[in-house]
2 protein chains.
Amino acid sequence: MDAAQEAQKREAFRQAVVNTLERRLFYIPSFKIYRGVAGLYDYGPPGCAVKANVLAFWRQHFVREESMLEIDCPCVTPEVVLKASGHVEKFTDLMVKDEKTGTCYRADHLLKDYCKDKLEKDPNLSAEKAAELKHVLAMLDDLSAEELGAKIKGYGITAPDTKNSLSDPYPFNLMFQTSIGPSGLSSGYMRPETAQGIFVNFKDLYYFNGNKLPFAAAQIGQAFRNEISPRQGLLRVREFTLAEIEHFVDPEDKSHPKFSEVSKLEFFMFPREDQVSGRQARRIQIGEAVSQGIVNNETLGYFIGRVYLFLTQLGIDKDRLRFRQHLANEMAHYAADCWDAEIECSYGWIECVGIADRSAYDLRAHTDKSGVPLVAHEKYSEPKEVEKLVITPVKKELGLAFKGDQKKVVEALEAMGEKEAMELKATLEAKGEAEFRVCTLNKDVIIKKNMVSISKEKRKEHQRVFTPSVIEPSFGIGRIIYCLYEHSFYTRASKDGDDQLNVFHFPPLVAPIKCTVFPLVQNQQYEEVAKKIAKSLTAVGISYKIDITGTSIGKRYARTDELGVPFAITVDYTSSVTVRERDSKQQIRVNVDEVASLVKEVNDGTTTWADALSKYPTHSS
Amino acid sequence: MDAAQEAQKREAFRQAVVNTLERRLFYIPSFKIYRGVAGLYDYGPPGCAVKANVLAFWRQHFVREESMLEIDCPCVTPEVVLKASGHVEKFTDLMVKDEKTGTCYRADHLLKDYCKDKLEKDPNLSAEKAAELKHVLAMLDDLSAEELGAKIKGYGITAPDTKNSLSDPYPFNLMFQTSIGPSGLSSGYMRPETAQGIFVNFKDLYYFNGNKLPFAAAQIGQAFRNEISPRQGLLRVREFTLAEIEHFVDPEDKSHPKFSEVSKLEFFMFPREDQVSGRQARRIQIGEAVSQGIVNNETLGYFIGRVYLFLTQLGIDKDRLRFRQHLANEMAHYAADCWDAEIECSYGWIECVGIADRSAYDLRAHTDKSGVPLVAHEKYSEPKEVEKLVITPVKKELGLAFKGDQKKVVEALEAMGEKEAMELKATLEAKGEAEFRVCTLNKDVIIKKNMVSISKEKRKEHQRVFTPSVIEPSFGIGRIIYCLYEHSFYTRASKDGDDQLNVFHFPPLVAPIKCTVFPLVQNQQYEEVAKKIAKSLTAVGISYKIDITGTSIGKRYARTDELGVPFAITVDYTSSVTVRERDSKQQIRVNVDEVASLVKEVNDGTTTWADALSKYPTHSS
């Protein structure tokens, strides 16, 4: 199969999945009767149940298992918070406008489409040109506005719909902006992530945890991203549910007490080196990855392992899941290491979970902006003698030399790290003066020996004060669910061979309903039995749906297979009933009194279907 | 105790509750390190757990019990939807501005404060004046902008902080506005309620339900309200969680098959008549209220009963809960009936749940605006002969008479109900012409006999097409939780009598953690036992917290009483342990192997604490 055929097959598969999802109301384009809004979707009843199940399992697997501190913050966020986090300045995409109609496009999308199209469809493309276009595709995320603009002009790319010429690319902030309160003076945004709500509460949460590290806080909630032109259906949307964890840890000790519980797990990893050298993702034990230094530290490794377990237990195919390390150019400058859990679906490899060691960046940013120190303390059991760098700027001399710039020079001197300070001291002692970079003035100044004293002093300290590092696993819940739909979907021929029937083979954990109850024919006796079974299912906490329509039993099975219901109980007798498993279509006969607890056990996993098959008589219809 | 003392006592109680809530991080003022934003609060760890428990119970009690269709829609909503619903035009409060500083105030709040202040603090107030002020307070919600402005001017009310004069009142829309997409042309709002997301999906949901009525849809989610000046702490906030139900029902049959399950419930109701005539709320059986016509219909009555059960099972004091019927002037013109579940707390009686029969208003509004008919069908088993009103405007004649207004006259004629049409017909036949009101032109016109034909015709119909009525129970989750905090809070003296200790007597259903595990002293043996118990608690699904600090057991009890943890397990021996109940402080000895299942049973309610007391030896510390 060539690339075009592959693409066609993927597209057909996606259409089959999406049609089923939309027809059975797993999702609904929002505000459909008003012709909708791009990038906004509703979860209909089965989708909403799947989402609730995924979130409940997330709470169980992460929050409860690790005793995380879960909090719940508002979506409306004042500007100051998002200025501190850098979102006001940097949460942008580059946009171009159709110069006549004003229609907006994402600049990188147009360039990407152009390159892909050429590569796929131009038979006369020279090898040299093809290599160039491939290089552009690889570099897409790194291009500046100027570089993108130059490429768009250079290739003669025009607006897709009108062929009009395009403006130069310029940054568009992706946050939904609003105004808080009636005055119109207080600017706010709908949060682009839930993490900031945790960071600004660090002090209280640290206190709540008995002033002890490490600990993790977690939040589930809506986040917003005003996409320029949403594409990829349910994957790139303007409002979505995030589940985020911020694990605060001593930067000097990122070991994890439970690392041994995951260290033997082996799965596909795609380290930076392998990507750069053109190799494929390969199976690595996470314990190995940490000990070889491929993954920066145990805590990061522990979460990678836990994310692997989470996703595969939900039903994500482990062979279409990989952990890809960020390349140096993808990673924020402050990050120590970053891995994305990527899931392969018909759109390609999709980033669904990001697991980053963000070092002390976020807490420092909010400390600086708010003036409230977001730090941790380690009390020494007995006072420690430490050698401490002491920098004392001589303000009088600095004032004479730098006048209005004095304050910035003082700050820059005080901010020096140990190495830099000791070098400056050496130069001053050797030459009497030195060039010194003041970033906030954006220039070098000359510092003379009498302007600053630098020394190391021994002091007794009772505690260490430091900014914790944060390790952040961040889950795009909607993306995980969409990939799960694709990984769970298959079709099989109907009994008469005339139709292709759709099935979602959700594990019970995820299934929107755990079982259905079908009276075989419409009569009062069977309906009474169905009601009795329904009552016992409620008593054991198993969600169910009764279908008393006279529709043929085959059709009723097909209908609920399409919703991914794992088990069906057919009432075809008054003392015993038939239980059918969705994927094997195998059937067993079970007494009415036992059926609820059996269905509970096979759903909970305390009994396997194989066990049930050997215990109960099989039934052939 | 006089009114002022009462007020002081309430204030002191509230301070005690709120201090405890804030110190133990049940909630945190959002963005506190940046000095916060009025009306925005975070749920800290215990608050977040309480909220999750309340929502889980809501899902169980309403969604699962009634097989409701739960959906999940975005918060970002395009303008057209909220124009149809009336929010763009009418979701406003009246605001006045300090004419010098521009500070904004809610006009009714200033007037209310003025009246209350005068009534409470002015010893020279004449009886006549006092009566006037009381009347103003009673009418507050009904005053127009002009009337409010006149009162404010008349009483010489000025800006509270500056004493500057105030602007005239003008409406301020309470929705947070934003812009969808990059063009800036597509206006949107953060939804003020979740209900609209359900209404616009009616057609799909009706189909999903097999085209059958009645059915209910439900949604839990964030809603937003840009308050002018938030007051009353956690009760009036700018972002909150709503849980809403829209129960769609045939307007000709609002009976409810399960009404008998609630009809014997008796609780405080406050019918319209009793309010108007100055009586108090009184205990009424809901079955009586429906049969006497106090409550409009069975379905509305059923939901009132279910809401009563929901709130009291959460721990709301039934003696401080009442169902108050809306007065005629409070109710929207389209509503058939409306009751608020009000809970008494230190702020007075607070509306926490609204239960309204909104008739066909919402579905009609969206039908009109979208052009998509949101209707239900009732197929007749055999065709029915029906007498049908037929109104045929004679467009030629109307065109000659009304020119450009013709369309509006035609629409008005066609929109006549049966009674109105038959009266018009009679008048036309008697006098040859008639006055006819055209609301959309805001005038009466003269209709002549040759301009319209009105008749009743017999037709065979195969189905009835109608717009369903909607009964809407709408829950303010944050308000319910706050009232629950107040109703659950009490203090008791510490053992030595020196301190007042705080306790929340949450039922297990609500408690943020179900039990704590305390090794009595710090030693490895006890900690091993604690771990073993923790493992079995996890196995039976009971959330717990281990506290291995060496703090005295009394202090550890006090700490968790303050979080409302119902049971504590103290490891004071290796084969058996002490289980303590929070409110009675009674203790029993239980074997290590049995303790997890016992704690599960007393939490689930399958065993009572009294049963446990009689079964196990009591323990005195």
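Reading the values: the criteria
- Residues numbered from 1 in each chain as written.
- Chains lettered and ligands numbered in written order.
- Predicted model: local features only at pLDDT ≥ 70, side-chain atom pairs only at ≥ 80, totals over all residues.
- Heavy atoms only, no water.
- Phe/Tyr/Trp six-rings, centres within 6.5 Å; stacked < 30°, edge-to-face > 60°.
- Helix = DSSP H or I, 4+ residues; strand = E, 2+ residues; numbered from the N terminus.
- Buried < 20%, exposed > 50% of the residue type's maximum accessible area, 1.4 Å probe, protein only.
- Contact = heavy atoms within 4.5 Å.
- Buried area = accessible area lost by both parts, 1.4 Å probe.
- Salt bridge = Lys/Arg side-chain N within 4 Å of Asp/Glu carboxyl O.
- Polar contact = N/O pair within 3.5 Å; in protein donor to acceptor, adjacent residues only side chain to side chain.
- Axes fitted to C-alpha atoms, helices over the stretch in contact; angles between N-to-C directions.
- Parallel < 35°, antiparallel > 145°, perpendicular 65-115°, else oblique.
- Left-handed = near helix turned anticlockwise from the far one by under 90°.
- Nonpolar A, V, L, I, M, F, W, Y, C, P; charged D, E, K, R; others polar.
- Pairing = 2+ DSSP bridges.
- Least-squares fit on C-alpha atoms with pLDDT ≥ 70 in both.
- Core = buried A, V, L, I, M, F, W, Y, C linked by side-chain atoms within 4.5 Å.
- Expected span 1.5 Å × (residues − 1).
- Arc of directions from axis to C-beta.
- Disulfide = S-S within 2.5 Å.
- Patch = residues over 30% accessible without salt bridge, like charges linked within 9 Å, V, L, I, M, F, W, Y side chains within 5 Å.
- Areas by Shrake-Rupley, 256 points an atom, 1.4 Å probe, with all protein chains shown as cover.
- Lys, Arg positive; Asp, Glu negative; His and termini not counted.
- Charge placed at Lys NZ, Arg CZ, Asp CG, Glu CD.
- pLDDT = per-residue confidence, 0-100.

Visitor: With reference to specific residues and values, describe the packing of aromatic side chains.
Guide: Per the counting criterion, the structure on display carries 58 aromatic pairs over all chains. Their ring planes at 40 degrees and their centres at 5.3 Å tell us that Phe215 of chain A and Phe248 of chain A sit as a pair that is tilted. Note that Phe215 of chain A is positioned in strand β10 (residues 215-224) and Phe248 of chain A in strand β11 (residues 239-249), a separation of 33 residues in sequence. The pair formed by Phe215 of chain A and Phe248 of chain A is uniform in burial state, with each residue classed as buried. A centroid spacing of 5.0 Å and a plane angle of 50 degrees characterise the contact between Phe267 of chain B and Phe323 of chain B, whose relative ring orientation is tilted. Linking Phe267 of chain B in strand β12 (residues 266-270) with Phe323 of chain B in strand β14 (residues 321-325), this pair joins segments that are 56 residues apart in sequence.

Visitor: Which residues make up the interface of chain B and chain A, and what values go with them?
Guide: Each partner contributes residues to the interface: chain B has 64 residues there, and chain A has 64 residues. Of the roughly 5,500 Å² buried at the junction of chain B and chain A (both faces included), carbon and sulfur atoms supply 68%. Counting across the interface, chain B meets chain A through four salt bridges. Counting across the chain B and chain A interface gives 20 residue pairs in polar contact (both at pLDDT 80 or more). Among the elements that take part in the side of chain B that touches chain A, helix α2 (residues 45-64) of chain B stands out by supplying six residues, more than any other.

Visitor: Please set out the packing of helix α1 (residues 3-23) of chain B against helix α17 (residues 477-488) of chain B residue by residue, giving values where relevant.
Guide: Residues and elements named next belong to chain B. Axis separation between α1 and α17 bottoms out at 10 Å; the angle between their running directions is 110 degrees. When the interaxial angle is binned, α1 and α17 end up roughly perpendicular. In the packing of α1 onto α17, the handedness of the crossing is right-handed. Contacts between α1 and α17 involve Phe13, Arg14, Val17, Val18 and Leu21 on the former and, on the latter, Tyr482, Tyr485 and Glu486. Here the residues of the contact of α1 with α17 are counted per class, giving six nonpolar, no polar and two charged.

Visitor: Can you explain the sheet that holds strand β5 (residues 92-97) of chain B? Please cite residues and give values.
Guide: All names here are of chain B. In space, the three strands of this open sheet follow the order β6-β5-β7, with antiparallel pairing throughout. The open sheet terminates on both sides in strands that have one partner only, identified here as β6 (104-106) and β7 (170-173). For this sheet, the mean inter-axis angle between neighbouring strands, taken without regard to orientation, is 55 degrees. The pairing of β5 with β6 spans three bridges and is antiparallel. Note on β6: the bridge partner recorded for Val96 is Tyr105. Sitting on the sheet, helix α5 (residues 107-121) touches β5 and β6, and the angle it makes with β6 is about 65 degrees.

Visitor: Help me get a handle on the sheet that holds strand β5 (residues 92-97) of chain A, residues and values and all.
Guide: Adjacent strands of a sheet pair through backbone hydrogen bonds, lying either parallel or antiparallel. Residue and element names in this part refer to chain A. The strand order across the open sheet formed by three strands is β6-β5-β7, and the pairing between neighbours is antiparallel. With partners counted over all chains shown, the strands left at the sheet margins are β6 (104-106) and β7 (170-173), one partner each. On average, each strand axis in the sheet is tilted by 55 degrees relative to the strand beside it, whichever way the strands run. Strand contacts of helix α5 (residues 107-121): β5 and β6, with the helix running at about 65 degrees to β6, the strand carrying the most contacts.

Visitor: Let's hear about the pairing of strand β19 (residues 443-448) of chain B: which residues, and what values?
Guide: All names here are of chain B. Across six bridges, strand β18 (residues 433-438) lies against β19 in antiparallel orientation. Along β19, the bridge assignment pairs Glu433 with Lys448. Between β18 and β19, which pair antiparallel and follow one another directly, the connecting turn spans four residues, one of which, Asn442, has a positive phi of 60 degrees.

Visitor: Which residues make up the relation of the copies chain B and chain A, and what are the values?
Guide: Note on the copies: chain B fits chain A at an RMSD of 0.3 Å, the axial shift is 0.0 Å, and the rotation between them is 180 degrees. This pairing of chains is accounted for by a two-fold axis. If distances are taken from each C-alpha of chain B to the rotation axis, the shortest is found for Thr178 of chain B, at 2.6 Å. Here 100% of the contact residues of chain B are again contact residues in chain A; the copies associate through an equivalent surface.

Visitor: So what about the nonpolar core? Which residues, and what values?
Guide: With 72 residues, the main nonpolar core has Trp58, Ile286, Phe310, Leu311, Phe323, Phe475 and Tyr485 of chain A as its most contacted residues. With ten residues, helix α12 (residues 298-314) of chain A is the largest single contributor of residues to this core. Residues in contact with Ile286 of chain A, not counting those within four places in the same chain, are Phe259, Val262, Ser263, Leu265, Phe267, Met269, Val295, Gly301 and Ile304 of chain A. Counting 71 residues, the second-largest nonpolar core is a separate cluster that includes Cys48, Ala216, Val290 and Tyr308 of chain B.

Visitor: Run through the pattern of salt bridges, naming residues and quoting values.
Guide: Throughout the structure, instances matching the rule amount to 96 salt bridges over all chains. When the shortest N-O distance is used, the salt bridge between Lys32 of chain A and Asp204 of chain B registers 2.7 Å. Of this pair, Lys32 of chain A sits in the loop between β1 (27-29) and β2 (41-43) while Asp204 of chain B sits in helix α9 (residues 202-208), placing the two residues on different chains. A relative accessible area of 16% places Asp204 of chain B in the buried class.

Visitor: Describe the pairing of strand β16 (residues 348-357) of chain B, with residues and values.
Guide: Residues and elements named next belong to chain B. The buried fraction of β16 amounts to seven of the ten residues, a majority that puts the element mostly inside the structure. Direction of pairing for strand β15 (residues 337-345) relative to β16: antiparallel, over a ladder of nine bridges. From the neighbouring strand, Ile343 faces β16, where its bridge partner is Ile350. The antiparallel pairing of β15 with β16 creates a hairpin that spans two residues between the two strands.

Visitor: Kindly report on unusual backbone geometry, identifying the contributing residues and their values.
Guide: Here the bond from Leu213 of chain A into Pro214 of chain A is cis, since omega is -10 degrees, no more than 30 degrees from zero. Within the secondary structure, Pro214 of chain A is located in the loop between α9 (202-208) and β10. One non-glycine residue, Lys163 of chain B, lies in the positive phi region at around 65 degrees. Along the chain, the position of Lys163 of chain B falls in the loop between α7 (145-154) and β7. Overall, the relative accessible area of 57% leaves Lys163 of chain B in the exposed class.

Visitor: Account for the environment of Arg306 of chain B, with residues named and values stated.
Guide: Residues and elements named next belong to chain B. In this structure, Arg306 sits in helix α12 (residues 298-314). For the pair Arg306 and His61, spaced 245 residues apart in sequence, the C-alpha separation works out to 8.3 Å. Each residue touching Arg306, except ones within four places of it in the same chain, is listed here: His61, Phe62, Glu65, Glu66 and Val262.

Visitor: I'd like a description of helix α16 (residues 418-431) of chain B, backed by residues and values.
Guide: Residues and elements named next belong to chain B. Taking 1.5 Å of rise per residue, 14 residues should cover 20 Å, and α16 covers 20 Å from first to last C-alpha, within 8% of that figure. For α16, the complete set of buried residues consists of Ala421, Leu424 and Leu428. Within α16, the buried residues cover an arc of 60 degrees as seen down the axis, which keeps them to one side. Exposed positions of α16 whose direction lies more than 90 degrees from the buried face are Lys419, Ala430 and Lys431.

Visitor: Report on the environment of Ile350 of chain B, specifying residues and quantitative values.
Guide: All names here are of chain B. Take Ile350: it is sitting in strand β16. Judged by its relative accessible area of 7%, Ile350 is buried. C-alpha separation for the pair Ile350 and Arg322, spaced 28 residues apart in sequence, amounts to 9.9 Å. When neighbours within four sequence positions are excluded, Ile350 is seen to be in contact with Gln232, Leu235, Ala341, Glu342, Ile343, Cys345 and Arg479.

Visitor: Please give an account of the state of the cysteines that cites residues and values.
Guide: Throughout the structure, instances matching the rule amount to zero disulfides over all chains. With no disulfide of its own, Cys48 of chain B has Cys73 of chain A as its nearest cysteine by sulfur position, at a separation of 8.6 Å. Residue Cys48 of chain B is classed as buried on the basis of its relative accessible area of 5%.

Visitor: I'd love a proper account of a negative patch on the surface, names of residues and values included.
Guide: Taken together, the side chains of Asp141, Asp142, Glu146 and Glu147 of chain A make up a negatively charged region of the molecular surface. Checked against the element boundaries, Asp142 of chain A lands in the loop between α6 (127-139) and α7 (145-154).

Visitor: Lay out the side chain of Asp108 of chain A in plain terms, naming residues and giving numbers.
Guide: Residue and element names in this part refer to chain A. Tracing the backbone shows Asp108 in helix α5. Taking the relative accessible area as the measure of exposure, Asp108 reaches 13% and is therefore buried. Among the polar contacts made by the side chain of Asp108, one reaches the side chain of Arg106 at a distance of 2.7 Å. Setting aside its immediate chain neighbours within four residues, Asp108 contacts Leu140 and Leu148.

Visitor: Give a description of the confidence of the model for chain A that names residues and reports values.
Guide: For chain A, mean pLDDT is 93; residues scoring 70 or higher make up 100% of the total. On the interface metric, ipTM, the complex scores 0.89, and its pTM is 0.90.

Visitor: Can you tell me about helix α18 (residues 524-539) of chain A, naming the residues and giving the values?
Guide: All names here are of chain A. Here α18 spans 23 Å end to end across 16 residues, near enough to the 22 Å set by a 1.5 Å rise per residue. Against the buried residues of α18 lie β24 (515-519), β25 (544-546), β26 (567-571), β27 (576-581) and α20 (592-604). Regarding α18, its N-cap is Asn523, as a side-chain oxygen of that residue lies 3.0 Å from the backbone nitrogen of Gln525 further along. Positioned one or two residues after α18, Gly541 has a phi angle of 80 degrees, which is positive.

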